[in-house]
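# Residue-level structure breakdown
Single-letter residue listing:
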Amino acid sequence: MVAANAIVHERQDALKRHDNLLTPPPPPGSLLSQQIQQDLDTFGYDMTYLRRFLGQGTIMKEGPSVLQLGGSDPLQLQQACETLLEMTQRGYCDYTAVNLNCGCPSPKVAGKGCFGAALMQDPELVKDLVIAMHNGCRGQLPITVKCRIGTDEGYTFTRQGYQEMDEEKEYGNLYRFIETVASSGVVTDFQIHARIAVLSKNFSPADNRKVPTLKYEVVRRLVEDYPELTFSLNGGINTIVDAKAELEKCPKLAGIMIGRAWAANPWSFAMADEILYPPPSKNIKKHKNRLDVLKAYGKHADMEETIWDPLKVRRFITKAATPLFAGEPMGKKYRIALDEIAARPKKLQQQQQQKEKNLQEEPPISELILQAAMENLSQDVLLRTPQESFEMLYGNEIANNSSSSGQGQSSQKWIIQDWQQDRKKQDGFQRQ
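In short, a report on the structure. Here, residues in each chain are numbered from 1, in the same order as that chain's written sequence. For a predicted model such as this one, the threshold for reporting local features is a pLDDT of at least 70, and the threshold for listing and counting side-chain atom pairs is 80 or more; totals across whole chains, interfaces and linings nevertheless cover every residue. To get the side-chain values, take all heavy atoms of the structure and skip hydrogens and water.

## Examining the packing of aromatic side chains
Stacked, tilted and edge-to-face pairs are distinguished by plane angle, under 30 degrees for stacked and over 60 for edge-to-face with tilted covering the rest, among Phe, Tyr and Trp rings (Trp via its six-membered ring) whose centres lie within 6.5 Å. This model, assessed by the stated rule, comprises eight aromatic pairs. An angle of 45° between the planes, with centres 5.6 Å apart, marks the rings of Phe157 and Tyr162 as tilted. You'll find Phe157 and Tyr162 in the same group, each marked buried. Between the NZ or CZ atom of Arg51 and the centre of the ring of Tyr92, over which it lies, the distance is 4.0 Å. The cationic tip of Arg221 hangs over the ring face of Tyr171; the distance from NZ or CZ to the ring centre is 3.8 Å. Each residue is placed in one exposure class: buried if its accessible area under a 1.4 Å probe, protein chains only, is under 20% of its type's maximum, exposed if it is over 50%, and partly exposed if it falls in between. The criterion for a charge sitting over a ring is simple: Lys NZ or Arg CZ within 6 Å of the ring centre, and within 35 degrees of the ring normal.

## A closer look at the pattern of salt bridges
Each reported salt bridge corresponds to a side-chain nitrogen of Lys or Arg within 4 Å of a carboxyl oxygen of Asp or Glu. Scanning all chains against the criterion turns up 16 salt bridges. Between Glu274 and Lys286 there is a salt bridge, with its nearest N and O atoms 3.6 Å apart. Of this pair, Glu274 sits in helix H13 (residues 272-276) while Lys286 sits in the loop between H13 and helix H14 (290-307), and the two are 12 residues apart along the sequence. A salt bridge links Arg290 to Glu328; its shortest N-O distance comes to 2.8 Å. Of this pair, Arg290 sits in helix H14 while Glu328 sits in the loop between helix H15 (310-321) and helix H16 (331-353), and the two are 38 residues apart along the sequence. Each member of the pair, Arg290 as well as Glu328, carries the same accessibility label: buried. A single salt-bridge network, built from bridges that share partners, covers Arg290, Glu328, Asp380 and Arg384. We count a stretch as a helix when DSSP gives it H or I for four or more residues in a row; a strand needs E for two or more, and each element gets its number in order from the N terminus.

This is the structure in structure tokens:
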């Protein structure tokens, strides 16, 4: 999620920086220098800083992707969407939809920020917000809404008390929210996390992902009550097997939304098209194995470091490649090697100041990432196909027609926990 006010303020600051020449320009003739000049000629401001919020890869199009915005001010959301269109025109991004966050329960967001899940308590405001976003996008991009099935507004949440709550009253509140937002004529697509958001207690986001009961049946009921709208189910679904089971229970669902489990172990979802939407399209380009993925990613990584200072972006680049071998033998050594690669620009800068080494003499980051993989991972792991990996993880469950509470689900849980710990560590480095 990107806060709309951050985009608006960054754009305003960019205009001020240009007017007052507050920032020194990059080296003349560099790719970044050329792009900045084109930004100034086209829109009158330097988009460099905005690209850290909205920018996408330049080597190849990322395909269908949605930008999620957070905010509660219609004007700021409209201006954020206008900025998005300008960035799209410059070729810095190519989003296929814009989503309004009405589901985040974080105290910083739903509390002090007064947006996220707190917006569910004011459906008329949400209606105004999505109309403003639609106007900011000039109707060129679909506007969607991510929300929960409700909040604890009007009562003090306890597990026992929630179990005894009138389910029709709870559904009535959700029904009114969907009805009001859809009446805007703008939103027809909703992604629903099938839990309430507890806002009245000092719940952490992690608590709000675990404590309130999951109620998939509420989302299925929405699917039946609103055939003219589309709904995707979110919450507690960690594997392709889970997703397939839910789609089979409710074929009218538009899709399944999976977040942390995919981020923690993306390769475990490499067979999603074949498993969930057979027969697979011949037009979809599939990577043969993870070595193939790293080679493709290396081209993107090299381009990013051509544009940006490795001192500033190296750790973000290696972070994206970290979970590719989650759960594999020697996967931890691979991650340690990436961590060392991430630290090299700063170390080399210090050595350069001492006239020992020069960052420009370093191999490209694509070579360093491939070397880390080749030195720490076996050929079997590197060259294993998506189908072979899927069968290793879920084969026993599928053969026994068992639920996903078995080996695949349990292994995925510890992989997610490991990823979350690593994420905290990486965030600590980035704040330094």
